[in-house]
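Analysis of the macromolecular model
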Amino acid sequence: RSSDLTNEDLILSHADIDAKCGDKIRLEKVLLVGGDDFTLIGKPLLDRDHVRVEATVIEKTESCPKIHMRFWKRHRYQRKRIIVHPQTLLRINTIDRKST
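All of the points below concern the structure found in this document. Computed from a predicted model, the values in this text were never measured in an experiment.

Some thoughts on unusual backbone geometry
The linkage connecting Lys 43 with the following residue, Pro 44, adopts the cis geometry, with an omega of 0 degrees. In this structure, Pro 44 sits in the loop between strand E4 (39–41) and strand E5 (51–62). Although it is not a glycine, Arg 74 adopts a positive phi angle of roughly 60 degrees. Examined against the element boundaries, Arg 74 turns out to sit in the loop between strand E6 (66–72) and strand E7 (77–83). Phi angles above zero are rare outside glycine, and Arg 76 is one such case at about 55 degrees. By secondary structure assignment, the location of Arg 76 is in the loop between E6 and E7.

Side note on the environment of Ala 19
Mapped onto the elements, Ala 19 comes out in the loop between strand E1 (10–13) and strand E2 (24–27). According to the relative accessible area criterion, Ala 19 is buried, its value standing at 12%. As for Ala 19 and Gly 34, which are separated by 15 residues in sequence, their C-alpha atoms are 28 Å apart. Apart from the residues lying within four places of it in its own chain, the contact partners of Ala 19 are Ile 25, Val 57 and Lys 60.

Reading the values: the criteria
Residues numbered from 1 in each chain as written. Predicted model: local features only at pLDDT ≥ 70, side-chain atom pairs only at ≥ 80, totals over all residues. Heavy atoms only, no water. Helix = DSSP H or I, 4+ residues; strand = E, 2+ residues; numbered from the N terminus. Buried < 20%, exposed > 50% of the residue type's maximum accessible area, 1.4 Å probe, protein only. Contact = heavy atoms within 4.5 Å.

Below you can see the structure in the form of C-alpha cells.
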C-alpha cells in the first residue's frame, strides 16, 4: 500500500513483519520522496542508496475476527470459519535522502 509519510507518523501494516516490538527496521521500497523544493520519483522504485526510511515496531496484534459462514438450505450443511489477520503498527523515525 502506498501512503504519504512524514517523521513520527504511525502506519498500520496488514502483514506480519519478522521483528519484535521495539526493533528498528528499514523500509526499502520507496516510490517517491519530496520536499519543499524537490521531488524524486522512482521508476518503479528509488534505489536503496538514495533514500533511507527507518521505522520502529510499536505493536504486533491481530485484526478483528471476521466470520465466514457457508450454508446450504435444506441440506444440513453449515461451515463456520473465523478469519484473523496479523497486523503490525510502525512509527516512522527518520526519512533521509542522500544528495547526489
